[in-house]
Amino acid sequence: MTSSPPLPAVAEPVEEAELLSHEVVPLRHPWRWVATAVALVLLAQAVHALVTNSAFQWAAFGYWFFRPVVLDGLWLTLQLTGLAAVFGLLGGIVLALMRLSRNPVLRAVAWGYIWLFRSIPLIVLLLFLANVTALYSTLSLGIPFGPSFVEFSANDLLSFYFVAVLGLSLNEAAYAAEIVRSGIISVDQGQLEAAAALGLPKSRQYRRIILPQATRAIIPSYANQLIGLLKGTSVVYITSLLELFGVVQTQASVNSGQIIPLLVVGTIWYIILTSLLSVVQYYLERHFSRGALRTVPPTPFQRLRASLRTVGVAR
Amino acid sequence: MTAAVVVRGAVKSYGAHRVLDEVDFIARAGEVTAIVGPSGSGKSTLLRAINYLEPLDSGYVTVQGELIGVRLHRGRLHQLSERAILRQRSRIGFVFQNFNLFPHLSVLENVIEAPITKGVPKPQAVARAQELLVKVGLKDKAGAYPRQLSGGQQQRVAIARALALEPDLVLFDEPTSALDPELVGEVLTVLRDLAAAGTTMVVVTHEIGFARDVADHVVFLDAGRIVEQGPPRQVLLAPEHARTREFLGKLV
């Protein structure tokens, strides 16, 4: 039976050639237009309320936004975030590899570290470290449990800057470890087998085969973590270190009535930094999707240009 | 012909289940040895024991006369270092059922990865890789990524990758089982070419036609034991054992 079934009967008979030549008129969505209008009105109201409410003191905002004291705080925030991100990630990779190792002692140590530092609130950790002189009066470098070569007084060594970087890094490493581990175990077991079957040394199996693939899974979670860290640096003001939030806080206490514009200044700077991180995240994700997607998605600029081209604005 | 692979008294259990039960196996140099049998019969485990992806509980494996994964010292077998095992594996090509190409590396990068790691200068490794890609019919795909290729093309890249180190022998673990029927032929063609060139091959396969036409020696495995073995005409066309006949009968 190879004969094709008869065409379904149409109420008003139409020529087949005509059917084939017609374009399909897309379905209209009137309620989408209503929802769009409502959303725009609400947005306009919110902006209006922000701009016209005198409590925000936009003139004061303009005064503070680029004040050197604020920019110094911003710079310190960036330093703390950057250093803690680097040390935290390095520590996290080491901890993740330890947790995945076949050595039960290494596994237990890494698990214990993560358990401990995820349990201690960052603010408590920072206060502990800032008062470390109360715990250890000297730190020494030498053979473990044996003679020491150099001794530091904990007082000299632990400047508040150092305490902040150390505390943030210790905390960050515990979270980064779990993110890195989740990325590594998301890579197909067959990849390790193939690398082993080719005789690649263990270090190269990780560096060249596993980590680049794990990175793709790691980036979204780690970007979240970094944004958390960026804002988390505001906690270090309790060690009297003047990063962005510390500056806002102290300036507000000496300039009465300025707290709202100062908070807005801090908020906008945090929003700008977070936005920059999001952009970096987008391009990193795109880079590491190499090979995972058949075609890499266009960048927002390429998409914008494409849509302008269809409207006829650009070529 | 000398023995390329010797497996003696291979035993492997997963819990109470004995996957390999005292298997003795030989693959001769320059020949194609096909391992056939029902699923769960231990075929893949036997193959993976040959390059120590699956260490045996007891028994031993030699390739070209060299013990794999262990060494004999004062009458006892000692496990080799990770590094030494990896060095041995680089002389044994392995082709997986699911290809296991590195998806983030291009076809060319997949093929040159192992030679480069072993210290072959890059231009030389690239030249050799391009030769191999011609051999498997993929010379235009050097810059493509694995996911842009069909299953048959991916498996041919995997074969080129396994050959890049000029191994003494190549192991194939059901190389066509994950492929659409129409793509099986292109991979089998490459295997035939390799066989014709005198490559020592051990192939776990469900392609009885391929085993009959290309293999020099066929081993029928069931429940972790070798039921019968011999030339393909004998094992596949005139099997002696009822179990072999039953298995082959189901495939027709």
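One can find the structure itself at the top, above this paragraph.
Residues numbered from 1 in each chain as written. Chains lettered and ligands numbered in written order. Predicted model: local features only at pLDDT ≥ 70, side-chain atom pairs only at ≥ 80, totals over all residues. Heavy atoms only, no water.

### Here's the deal with the sheet that holds strand β8 (residues 92–95) of chain B
Residues and elements named next belong to chain B. Heads up, the rule is: Strand pairing follows a simple DSSP-based rule, namely that at least 2 bridges must link the two strands. Note on conventions: DSSP H or I runs of at least 4 residues are helices, E runs of at least 2 residues are strands, and numbering of each starts at the N terminus. Each axis is a line fitted through C-alpha atoms, taken for helices only over the stretch in contact, and angles between the N-to-C directions span 0 to 180 degrees. Residue contacts are defined here by distance: any two heavy atoms, one from each residue, within 4.5 Å place the two residues in contact.
Taken together, the six strands give an open sheet; going across it, the order is β8-β9-β10-β3-β11-β12, and neighbouring strands pair in mixed fashion. This sheet does not close on itself; its edge strands, each paired only once, are β8 and β12 (225–230). With direction set aside, neighbouring strand axes in the sheet form an average angle of 15°. Across four bridges, strand β9 (residues 169–173) lies against strand β10 (residues 201–204) in parallel orientation. Along β10, the bridge assignment pairs V170 with M201. Strand contacts of helix α5 (residues 151–163): β8 and β9, with the helix running at about 170° to β8, the strand carrying the most contacts.

### Re the sheet that holds strand β5 (residues 66–67) of chain B
Residues and elements named next belong to chain B. Taken in spatial order, the four strands of this open sheet run β2-β1-β4-β5, and their pairing is antiparallel. Each edge of the sheet is formed by a strand with only one pairing partner; in this case those strands are β2 (17–28) and β5. Judged from the two bridges that link them, strand β4 (residues 58–63) and β5 form a sheet pairing that is antiparallel. Bridge assignment links T62 to a residue of β5, and that residue is L67. In this fold helix α1 (residues 43–50) packs onto β1 (3–14), β2 and β4, with an angle of close to 60° to the strand it touches most, β2.

### What to know about the environment of L20 of chain B
In this fold, L20 of chain B is placed in strand β2. Residues contacting L20 of chain B, with those up to four places away along its chain left out, are A10, V11, K12, G42, T45, L46, L56 and G224 of chain B.

### As for the pattern of salt bridges
Definition in use: Salt bridge, as applied in this entry: a Lys or Arg side-chain nitrogen positioned within 4 Å of an Asp or Glu carboxyl oxygen. Accessible area is worked out with a 1.4 Å probe on protein chains only. A residue is then buried under 20% of its type maximum, exposed over 50%, and partly exposed in between.
Throughout the structure, instances matching the rule amount to 19 salt bridges over all chains. A salt bridge links R48 of chain B to E193 of chain A; the nearest nitrogen and oxygen atoms lie 2.6 Å apart. Residue R48 of chain B is located in helix α1, and its partner E193 of chain A is located in helix α10 (residues 189–197); the two belong to separate chains. We note that R48 of chain B, like E193 of chain A, is buried. Of the charged contacts in the structure, one is a salt bridge between D21 of chain B and R18 of chain B, with a shortest N-O distance of 2.7 Å.

### Topic: the side chain of T77 of chain A
One can find T77 of chain A in helix α4 (residues 68–100). Setting aside chain neighbours within four positions, we find T77 of chain A in contact with L230, T233, E243, L244 and Y270 of chain A.

### With respect to a nonpolar patch on the surface
Residue and element names in this part refer to chain A. To be explicit about the condition: Here, patches come from residues exposed beyond 30% relative accessible area and free of salt bridges, joined within 9 Å for like charges and within 5 Å for nonpolar side chains (Val, Leu, Ile, Met, Phe, Trp, Tyr). Areas reported as accessible are Shrake-Rupley estimates using a 1.4 Å probe. Residue values count occlusion only from the protein chains shown.
Taken together, the side chains of L40, L43, V47, L50, V51 and W58 present a nonpolar region at the surface, about 560 Å² in accessible area. In terms of residues, the nonpolar patch owes the most to one element, helix α2 (residues 30–52), which gives five residues. Relative to the helices and strands, L43 is located in helix α2. On the basis of relative accessible area, L43 is assigned to the exposed category, the value being 53%.

### Here we look at the packing of aromatic side chains
Let me state the cut-off plainly: Geometry of aromatic contacts follows a simple scheme: Phe, Tyr and Trp rings, the Trp one being its six-membered ring, pair when their centres are within 6.5 Å, and the pair is stacked under 30 degrees between planes, edge-to-face over 60, tilted otherwise. For a lysine, the NZ atom is tested; for an arginine, the CZ atom; a charge sits over a ring if that atom is within 6 Å of the ring centre and within 35 degrees of the ring normal.
By the definition in use, this model includes 12 aromatic pairs over all chains. An angle of 35° between the planes, with centres 5.2 Å apart, marks the rings of F61 of chain A and F65 of chain A as tilted. Highlighted residues: F61 of chain A and F65 of chain A, both in helix α3 (residues 58–65), separated by four residues, approximately one helical turn. With a relative accessible area of 15%, F61 of chain A lands in the buried category. Assessed through its relative accessible area of 11%, F65 of chain A is described here as buried. Taking 5.4 Å as the distance between ring centres and 85° as the angle between the ring planes, the aromatic pair formed by Y282 of chain A and Y283 of chain A counts as edge-to-face. Take Y283 of chain A: its relative accessible area is 34%, and that puts it in the partly exposed class. The ring of F102 of chain B has R161 of chain B lying over it, and the distance from NZ or CZ to the ring centre is 4.6 Å.

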